[in-house]
Amino acid sequence: VKIRTANSKSTNVTKMDLATIKSRLEEIYNNNPLIHVSVHEGRTKLNEVPSTISGVYNHFMCVTAHVKNYQDESFTINFIDILIGKYKIKELDELTE
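(A) Representation of the overall build of the protein. Looking only at helices and strands, the protein features three helices and five strands. Ordered by position from N to C terminus, the α and β elements of the protein give α-β-β-β-β-α-β-α. Buried residues in the protein amount to 31% of all 97 residues. The long-range share in the protein, meaning contacts at least 24 apart out of those at least 6 apart in sequence, stands at 42%. Counting every atom, the protein has about 6,400 Å² of accessible surface; 48% of that belongs to carbon and sulfur.

Shown next, in the form of structure tokens:
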């Protein structure tokens, strides 16, 4: 099953796309919750930051990453943001190739 990403011609995101992302992220989470997240939007430029998935929910996931020098930071990533290319997850890209 091929999912649509930022490079796809269609910009519509379907429930099937969201379900596919969720199931693949759950698979990654169950095998090894360590992922590498890249963000290249606005002022935020992060490249393959080691992060730990703390939970996968219906439309988003929670991750913890050591972004700042003094503490780990928790944040959420919406599945739609992954589909439109705002966030890239190295392990998810490897799984879909």
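There's plenty left to go through after this.
(B) Region of interest: the confidence of the model for the protein. Overall, the prediction assigns the protein a mean pLDDT of 84, with 84% of residues at 70 or greater. Strand β3 (residues 60-65) holds the highest mean pLDDT among the elements of the protein, 94, whereas helix α3 (residues 90-96) holds the lowest, 84.

(C) Spatial organisation of the sheet that holds strand β5 (residues 87-89). One open sheet accounts for five strands, arranged β4-β3-β2-β1-β5; its pairing is antiparallel. Only two strands of the sheet have a single partner each, and these edge strands are β4 (73-78) and β5. Mean inter-strand twist for the sheet, computed between neighbouring axes without regard to direction, equals 40°. Judged from the three bridges that link them, strand β1 (residues 34-41) and β5 form a sheet pairing that is antiparallel. In the sheet register, Ser38 faces β5, and the bridge partner there is Lys88. Its contacts with the sheet place helix α1 (residues 15-31) against β1, β2 (44-56), β3 and β5, and it is angled at close to 80° to β2.

(D) Examining the nonpolar core more closely. Leu25, Ile35, Met61, Phe79, Ile82 and Ile89 are the most contacted members of the largest nonpolar core, which has 18 residues in total. When residues of this core are traced back to their parent elements, those giving at least two are α1, β1, β2, β3, α2 (79-83) and β5. Examining the composition of this core, we find that four residues originate from one element, α1, more than from any other. Once residues within four sequence positions are removed from consideration, Ile82 is found in contact with Ile21, Leu25, Ile77, Tyr87, Ile89 and Leu92.

(E) Structural view of the pairing of β1. Across seven bridges, β1 lies against β2 in antiparallel orientation. Across the sheet, residue Leu34 finds its bridge partner in β2, namely Thr52. Following β1, the chain reverses through two residues before pairing antiparallel with β2; Gly42 in that reversal takes a positive phi of roughly 60°.

(F) Inspection of empty space enclosed by the protein at higher detail. A complete count under the given rule lists one cavity of 30 Å³ or more for this structure. Space inside the largest cavity adds up to approximately 40 Å³. At the level of elements, β1 and β2 are the ones that each hand at least two residues to the lining of the largest cavity.

About the cut-offs
- Residues numbered from 1 in each chain as written.
- Predicted model: local features only at pLDDT ≥ 70, side-chain atom pairs only at ≥ 80, totals over all residues.
- Heavy atoms only, no water.
- Helix = DSSP H or I, 4+ residues; strand = E, 2+ residues; numbered from the N terminus.
- Buried < 20%, exposed > 50% of the residue type's maximum accessible area, 1.4 Å probe, protein only.
- Contact = heavy atoms within 4.5 Å.
- Areas by Shrake-Rupley, 256 points an atom, 1.4 Å probe, with all protein chains shown as cover.
- pLDDT = per-residue confidence, 0-100.
- Pairing = 2+ DSSP bridges.
- Axes fitted to C-alpha atoms, helices over the stretch in contact; angles between N-to-C directions.
- Core = buried A, V, L, I, M, F, W, Y, C linked by side-chain atoms within 4.5 Å.
- 1 Å grid on protein atoms, 1.4 Å probe; cavity = no way out; pocket = protein on both sides within 12 Å on 5 of 7 lines; lining within 4 Å.
- Points joined across faces, edges and corners; volume = space filled by probe spheres on them.

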